[in-house]
Structure formats: structure tokens, C-alpha cells
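Close look at the chain arrangement
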Amino acid sequence: MMEEEVAPTTLSVSSHSIKVTEAVKDGDTLTFLVVSQKLSGTGEYHVDRTYDDFDWLQQHLFSQEDVPGIQGVIFPPLPAKAQVNASAKVIKQLGFLAMGQEWQPYCMALETYLCQVAAHSTLSKNKALEIFLTSAEPPGRQKVRKNIFNRLSQAVEGMRKEGHKDVDEFFQTERDHNLTLTGSTKTAAERFLDVVQTEQKIAMACGHFSTALHLCVESGDEPEKQAFNKICVKMSEVFDSMGKNTASVAENNVSTLGLGLDLESRYQEAEKEMLFRRTCKLVELETASRNAERAKPLKKAAMEELKKAAEKEFDHISGMAKQEIARLQGVRVEMLQQALVQWCEKQLLTARESADRYNQHLQAFRGMA
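Residues numbered from 1 in each chain as written. Predicted model: local features only at pLDDT ≥ 70, side-chain atom pairs only at ≥ 80, totals over all residues. Heavy atoms only, no water.

**Notes on the packing of helix H6 (residues 169-215) against helix H8 (residues 297-368)**
So the rule is basically this: Between the N-to-C directions of two axes lies an angle of 0 to 180 degrees, each axis being a line fitted to C-alpha atoms and, for a helix, fitted only over the stretch in contact. Each helix corresponds to a stretch of at least 4 residues labelled H or I by DSSP, and each strand to a stretch of at least 2 residues labelled E; elements are numbered beginning at the N terminus. Any angle that is under 35 degrees is reported as roughly parallel, and any over 145 degrees as roughly antiparallel; angles of 65 to 115 degrees are reported as roughly perpendicular and all others as oblique. The sense of a crossing depends on the near helix, which, turned anticlockwise from the far helix by less than a right angle, makes the crossing left-handed and, turned clockwise, makes it right-handed. Here, residues are in contact when the closest pair of their heavy atoms is within 4.5 Å. Classes in brief: Ala, Val, Leu, Ile, Met, Phe, Trp, Tyr, Cys and Pro nonpolar; Asp, Glu, Lys and Arg charged; the others, Gly included, polar.
Across the interface, H6 lies against H8 with an axial gap of 13 Å and an inter-helix angle of 25°. Relative to H8, the element H6 is oriented roughly parallel. Crossing hand, H6 versus H8: left-handed. Together, Phe 170, Phe 171, Glu 174, Leu 181 and Phe 192 of H6 and Ser 318, Ala 321, Lys 322, Ile 325, Gln 329, Arg 332 and Trp 343 of H8 make up the contact between the two elements. A breakdown of the residues in the contact of H6 with H8 according to their chemical character gives seven nonpolar, two polar and three charged.

**What about the nonpolar core?**
Put simply, the rule is: Buried Ala, Val, Leu, Ile, Met, Phe, Trp, Tyr and Cys residues form a nonpolar core when they are joined through side-chain atoms within 4.5 Å. Accessible area is worked out with a 1.4 Å probe on protein chains only. A residue is then buried under 20% of its type maximum, exposed over 50%, and partly exposed in between.
Grouped together as the largest cluster of nonpolar side chains are 41 residues, with contacts concentrated most on Phe 32, Phe 54, Leu 57, Tyr 106, Leu 114 and Leu 133. Elements with a contribution of two residues or more to this core: strand E1 (19-26), strand E2 (29-37), helix H1 (51-62), helix H2 (88-94), helix H3 (104-118) and helix H4 (127-134). A total of nine residues in this core trace back to one element, the largest contributor, which is H3. With near-sequence residues (within four places) excluded, Tyr 106 lies in contact with Phe 32, Tyr 51, Pro 79, Ala 80, Lys 81, Ala 82, Leu 94 and Leu 97.

**Section: the packing of aromatic side chains**
Here is the rule: Two aromatic rings, drawn from Phe, Tyr or Trp (for Trp, its six-membered ring), form a pair once their centres lie within 6.5 Å of each other, and the interplanar angle then sorts them: stacked below 30 degrees, edge-to-face above 60, tilted otherwise. Two conditions define a charge located above a ring, namely a distance within 6 Å from the ring centre to NZ of Lys or CZ of Arg, and an angle within 35 degrees of the ring normal.
If you walk through the whole model with that rule in mind, you get ten aromatic pairs. Seen from their ring centres, Phe 32 and Phe 54 are 6.1 Å apart, and the 90° between their planes marks the pair as edge-to-face. Here Phe 54 lies in helix H1 and Phe 32 lies in strand E2, a separation of 22 residues in the sequence. The two residues Phe 32 and Phe 54 agree in class, both being buried. Here the aromatic rings of Phe 170 and Phe 171 are separated by 5.1 Å at their centres, their planes lie at 85°, and the arrangement is edge-to-face. Its guanidinium or amino end placed over the ring of Phe 171, Arg 278 lies 3.6 Å from that ring's centre, counting from NZ or CZ. The cationic tip of Lys 322 hangs over the ring face of Phe 170; the distance from NZ or CZ to the ring centre is 5.3 Å.

**Remarks on the sheet that holds strand E3 (residues 44-50)**
Either a parallel or an antiparallel arrangement is found when strands of a sheet pair, and the pairing is made through backbone hydrogen bonds. To keep it simple, the criterion reads: Whether two strands pair depends on DSSP finding at least two bridges between them.
The three strands lie next to each other as E1-E2-E3, forming an open sheet whose pairing is antiparallel. Both edges of this open sheet fall to E1 and E3, since each of them pairs with a single strand only. Here the strands of the sheet are splayed against their neighbours by 20° on average, with no regard to which way each runs. Those strands touched by H1 are E2 and E3, and its axis lies near 100° from that of E3. Contacts from H3 reach E1 and E2, with the element oriented near 130° to E1.

**Details of the pairing of E1**
In the case of a regular strand, side chains alternate between the two sheet surfaces. When E1 meets E2, the two strands line up antiparallel, connected through seven bridges. Its bridge partner lying in E2, Val 24 is registered against Thr 31. Remark: two residues form the turn of the hairpin made by E1 and E2, two consecutive strands paired antiparallel; Gly 27 in that turn has positive phi of roughly 70°.

**Let's talk about the environment of His 16**
Among the structural elements, His 16 can be located in the segment before E1. Residues His 16 and Leu 275 lie 259 residues apart in sequence; the distance between their C-alpha atoms is 29 Å.

**A short note on the pairing of E2**
A large share of E2 lies buried, amounting to seven of its nine residues. Pairing analysis gives seven bridges linking E2 to E3, with the strands arranged antiparallel. For Phe 32, the partnering residue across the bridge sits in E3 and is Arg 49.

**Focus on the state of the cysteines**
The term disulfide refers to a covalent linkage connecting the sulfur atoms of a pair of cysteines. As a reminder of what qualifies: Whenever a pair of cysteine sulfur atoms sits within 2.5 Å, that pair is classed as a disulfide.
Across all of its chains, the model carries zero disulfides by this definition. With no disulfide of its own, Cys 115 lies closest to Cys 107 among cysteine sulfurs, the gap being 13 Å. On the basis of relative accessibility, which here comes to 1%, the residue Cys 115 falls in the buried class.

**What about the side chain of Glu 174?**
Spelled out, the test is: Here the positive residues are Lys and Arg and the negative ones are Asp and Glu; neither His nor the chain ends is included. Salt bridge, as used here: a side-chain nitrogen of Lys or Arg that lies within 4 Å of a carboxyl oxygen of Asp or Glu.
Relative to the assigned elements, Glu 174 resides in helix H6. This buried residue, Glu 174, is left without a salt bridge; Arg 332 holds the nearest opposite charge, at 5.3 Å. Contact partners of Glu 174, with chain neighbours within four places excluded, come to Glu 271, Leu 275, Ile 325 and Gln 329.

And the structure:
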């Protein structure tokens, strides 16, 4: 989770106490229970929120046009919408977030999103966050005017502006770096997801084989049949243990490194969008500068004012962007390190438990000799 110094805000809850405890199916909709601790220490807020409510909050964060340099913010990435009866395409889009029982990984991702928004020195000041966390009424029914923050895929001139040469070497280097990292992180997440899905298939196959071995048990008092039956039953127990072990390994992969890679990938995309917004403003500034230079005397003053306004806005965005990039770079290693440490700890615990079970099976087989 990202942490930073938090400026004074009107937020009445502790950013570190926010939890998304469960997801409840309501027809074709998932409803999430959000719990947060009151700063006053007098209790907790419990609110029910749908994905539309989360989207409502994100759009309000995007809509702060009165905040200087807001387009330079790397907004905490909201996961794609989850669906109860998701198609294969949606499941592929969600990846690790759709793989846990009772949507637990998805709840963890939403929890991380809320904590990061609440810990952000600029975004936490938005009144919409307070409403989202504390109001008993669902806020998502209110319509939000969508504005400058269109997704990259929706930008008509995206390809032309995305490749525009930057005037600042710092940002050009960051754009090149981001382009490489975005592709590499996405590939790593996809490959690790393949590993987890294979582990789940192996676990299922072990379970089926364990059941099949029970079908081999025959009735009869003959010593040979009884010995064969004991072997089948014991082998069934072994394969059942193998299946449970592999399933635990897969679950550990999802809840630790899997979610870590997913978050890293979504943050790379969020930074990419921020850099693209800044590039669009750079193009606007250069256009305004050319128009001011070519303007006729009667329009010269007006064009100069437009140029100054564009220049001021661009400077605000660039200043905010540099702060955001430094913040993101400062916690990126920490996020992945935390995911890796948790991954190792969980897998080590699972390996020890499995070793104990396998040792018991081995002793049982020796006793049958």
C-alpha cells in the first residue's frame, strides 16, 4: 500500500483503517461492505457500496478542475468492474482479481484503492471521499459530469500526441521508461497467471484421481483384496493431500505476488495516462505559442493571454507530475518487496504443513509393509 505524508483534510476516518471485508451477491450485482474507523475513536462506519459507487468516487476525483495541476496526478487505479456471471473475456480482463473464493482478491484490490485515495495529500481533500466512506445512502445514483480525463483508448488524437517529442528530458525519459515497464509488467502478470491456472488444474486433477481410487475398492475377505483396498485408500489420501497442497500454493500466489503484479501493472497504466495528459497539454501550449507568434496586431494581445494561461496550466501539471512520479518511484520497490515477502512466508508455511502431512503418509505406508 502506498503511504505518504497526509495534509490536513476533513476526512473523519483513518486512512489505514479502511477495510473492504466482503462481497455479497445481490442478483447480478456485487455489493461490498466497507468498514472504517472513526478518527474520534468512538466507533466505526459500515457502508454498503456497489461498483457504481466506486466509479462515482473515481469520477469525482477526476473532476477537480479547480485544483492546480490536477491532471499531473497519478490517480490510484480502480480495478475493472466485476460481474457475478462474468464471461471468459471479463475474467481474463480481471485476471488475479477474479480467482479467489467469495471475490476476496477483488475486495483486497478495492481496499487498497480506497486506502491509497485516503492517504493521498490532494485526493483525500475531496468531499466525495468522505461521503463515500460515511454516508448511509448510496452515492453512485448521482450522475457525475465526465470531463477531461478520458481513457487513452477514447482519445481521438491519442496516437499522434502520444508520440510527440517532449521538451523536458526528464519527462521524455520517464515516458520511455514507462513504456518499457508497462509491457514487461503486464507480461510478467500474464505469465504468473498462467502458472496459477495450471496449479489449479493440477489440484483439480489430483482431487478427481483421489476420488477415482476409492472406486477401485472391492468387497471381500481375501487378504489380497484387503491389502489392495488399503493401498487404494491410502493412495487416495495422498493424492487428496497433493491436491490440497497445490490449491494452497495457487491461492498463496494469488493473494500475494499475484495481487502485487496486478497492482503494479495497473499503476503503470495510470502513470501512462498521466504522462499522456501532460503531453496533450504540451501540444496545446505549443499550438498557443505558434498562434501568438502569427497573430495579427488586433488579436495579438488575446493570443498572448491564451498562451500565458496555457503555459501556467502546463507548469502546474508538470510540477505536480514530478512530485507524483517521485512518490510512485519511492514506493514501487516497497510494494513489490512486500508482495514477495508475503509470498515467501505463505509458501514456506504451506510447504512445512505439507511436509508434515507427507511424512505421516510415509509412516503409514511403512506400517503397511
